[in-house]
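The residues making up each chain are set out below.
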Amino acid sequence: MQEEKEFIQELLDPKTQNEAFQKLLHTYQRPLYHHIRNIVLNHDDTDDVLQNTFIKVFQNLKNFKGESKLFSWMYRIATNESLTFIKQKAKKNNTSTEEINAKIIDNLQSDVFFDGNEIQIKLQKAIALLPTKQQLVFKMKYFEELKYEEIATILDTSVGALKASYHHAVKKIEAYVTSN
């Protein structure tokens, strides 16, 4: 924790800021990319959201209170940016977020950055049918292998609620996959 506090001070100090921010990018760019990609599903959109996430992190670092790990705080920003992006895209296209997700999933096979097969597409379709919170919990637990405690901090909810959401998500996904 002390090491993280020192790193945050480096990020805030104009003399060490550039080098510290490069270290921040190097450390978190790949995991945040995958986290955002799991939510928005499209590579180009992910790059946009990732860029917005790092801008928000940089702009709001002075407000970071250290009540959670920097990792959790950044993931919360990335999650919120991803959800906002999907909502704005739906609004711009005069449609629902569910329809946007369905369209993106239909286009996954032609996405050169998607390396999944038919089973992966089926899984993504099943996930898209879940309520947003269940989607987030399932993706963070299943794809990113985050611990419930980490997810609870990121989503600002209890571990018990997360376990229930994950359980319901798994049951719904199993039902979809076996019936289609």
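Residues numbered from 1 in each chain as written. Predicted model: local features only at pLDDT ≥ 70, side-chain atom pairs only at ≥ 80, totals over all residues. Heavy atoms only, no water.

### Looking at the packing of helix α4 (residues 70-92) against helix α8 (residues 148-155)
Okay, step 1: One can describe the packing of α4 onto α8 by two numbers: an axis separation of 8 Å at closest approach and a directional angle of 55 degrees. Compared by their axis directions, α4 and α8 come out oblique. The way α4 lies across α8 gives a crossing that is right-handed. From α4, Phe71, Ser72, Tyr75, Arg76 and Thr79 reach across to α8, where they touch Glu150, Thr153, Ile154 and Leu155.
Okay, step 2: For the contact of α4 with α8, a count of residues per class yields four nonpolar, three polar and two charged. (Axes fitted to C-alpha atoms, helices over the stretch in contact; angles between N-to-C directions. Helix = DSSP H or I, 4+ residues; strand = E, 2+ residues; numbered from the N terminus. Parallel < 35°, antiparallel > 145°, perpendicular 65-115°, else oblique. Left-handed = near helix turned anticlockwise from the far one by under 90°. Contact = heavy atoms within 4.5 Å. Nonpolar A, V, L, I, M, F, W, Y, C, P; charged D, E, K, R; others polar.)

### What to know about the nonpolar core
Okay, step 1: By size, the foremost hydrophobic cluster in this structure holds 52 residues, and its most contacted members are Leu24, Tyr28, Leu32, Phe54, Leu70, Trp73 and Met74.
Okay, step 2: Setting aside residues no more than four positions away along its own chain, Phe54 makes contact with Phe21, Leu24, Leu25, Tyr28, Gln29, Leu32 and Met74. (Core = buried A, V, L, I, M, F, W, Y, C linked by side-chain atoms within 4.5 Å. Buried < 20%, exposed > 50% of the residue type's maximum accessible area, 1.4 Å probe, protein only.)

Honestly, it's all geometry; don't read function into it.
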